[in-house]
Amino acid sequence: MILVPAILSLPDRYREVIVLYYYRELKVKEIAEILEIQEAAVLQRLKRGRDLLKNRLKEDGLWEE
């Protein structure tokens, strides 16, 4: 699994914030406004999404620490 398919395989709530933050380069405040959620929720989803992504990449042997 490479990065893009790994991102696309994430649950919607995590995928959307990761795409908006890293690919659309929006700020947390802007993402919160678009999704109509708190900034803290955006930050939490980013963290959980990154953690899920890291675990999936580790499973595929594509992540080294």
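Residues numbered from 1 in each chain as written. Predicted model: local features only at pLDDT ≥ 70, side-chain atom pairs only at ≥ 80, totals over all residues. Heavy atoms only, no water.

Participant: Help me understand unusual backbone geometry, please; the structure alone is not making it clear to me.
Facilitator: Glycine aside, negative phi is the norm for most residues, and most peptide bonds take the trans geometry. Even without a glycine there, the phi angle at Glu-25 is positive, about 55°. Checked against the element boundaries, Glu-25 lands in the loop between helix 2 (12-23) and helix 3 (28-35). The exposure class of Glu-25 is exposed, given its relative accessible area of 66%. Positive phi values are uncommon outside glycine, yet Glu-36 reaches one of about 55°. Structurally, Glu-36 is set in the loop between helix 3 and helix 4 (39-59). (Helix = DSSP H or I, 4+ residues; strand = E, 2+ residues; numbered from the N terminus. Buried < 20%, exposed > 50% of the residue type's maximum accessible area, 1.4 Å probe, protein only.)

Participant: Hey, could you run me through the packing of aromatic side chains in this one?
Facilitator: We describe a pair of aromatic rings using the distance from one ring centre to the other and the angle between the two ring planes. Taken as a whole and assessed by the stated rule, the structure comprises one aromatic pair. Note on Tyr-21 and Tyr-22: the rings are 4.9 Å apart at their centroids and 85° apart in plane angle, and the pair reads as edge-to-face. Judged by relative accessible area, Tyr-21 falls into the partly exposed class, the value being 31%. You can call Tyr-22 partly exposed: its relative accessible area is 40%. (Phe/Tyr/Trp six-rings, centres within 6.5 Å; stacked < 30°, edge-to-face > 60°.)

Participant: What exactly am I supposed to notice about the environment of Glu-30 here?
Facilitator: Of note, Glu-30 is situated in helix 3. Separated by 35 residues in sequence, Glu-30 and Glu-65 have C-alpha atoms that sit 32 Å apart.

Participant: When you look at the packing of helix 2 against helix 4 in this model, what are you seeing that I'm missing?
Facilitator: Angle between the axes and distance between the axes: these two values describe a pair of packed helices. Across the interface, helix 2 lies against helix 4 with an axial gap of 8 Å and an inter-helix angle of 100°. Considering the angle they form, helix 2 stands roughly perpendicular to helix 4. From helix 2, Arg-13, Tyr-14, Glu-16, Val-17, Ile-18, Tyr-21 and Tyr-22 reach across to helix 4, where they touch Val-42, Arg-45, Leu-46, Arg-48, Gly-49, Arg-50 and Leu-52. Its residues assigned to classes, the contact of helix 2 with helix 4 comprises eight nonpolar, one polar and five charged. (Axes fitted to C-alpha atoms, helices over the stretch in contact; angles between N-to-C directions. Parallel < 35°, antiparallel > 145°, perpendicular 65-115°, else oblique. Contact = heavy atoms within 4.5 Å. Nonpolar A, V, L, I, M, F, W, Y, C, P; charged D, E, K, R; others polar.)

Participant: Just to check I follow, could you spell out the side chain of Arg-45 for this structure?
Facilitator: With respect to the helices, strands and loops of the structure, Arg-45 is situated in helix 4. The exposure class assigned to Arg-45 is buried, which follows from its relative accessible area of 15%. Look past the residues within four positions of Arg-45 in its chain and what remains in contact with it is Arg-13, Tyr-14, Glu-16, Val-17, Leu-35 and Ile-37.

Shape descriptors only; they carry no functional weight alone.
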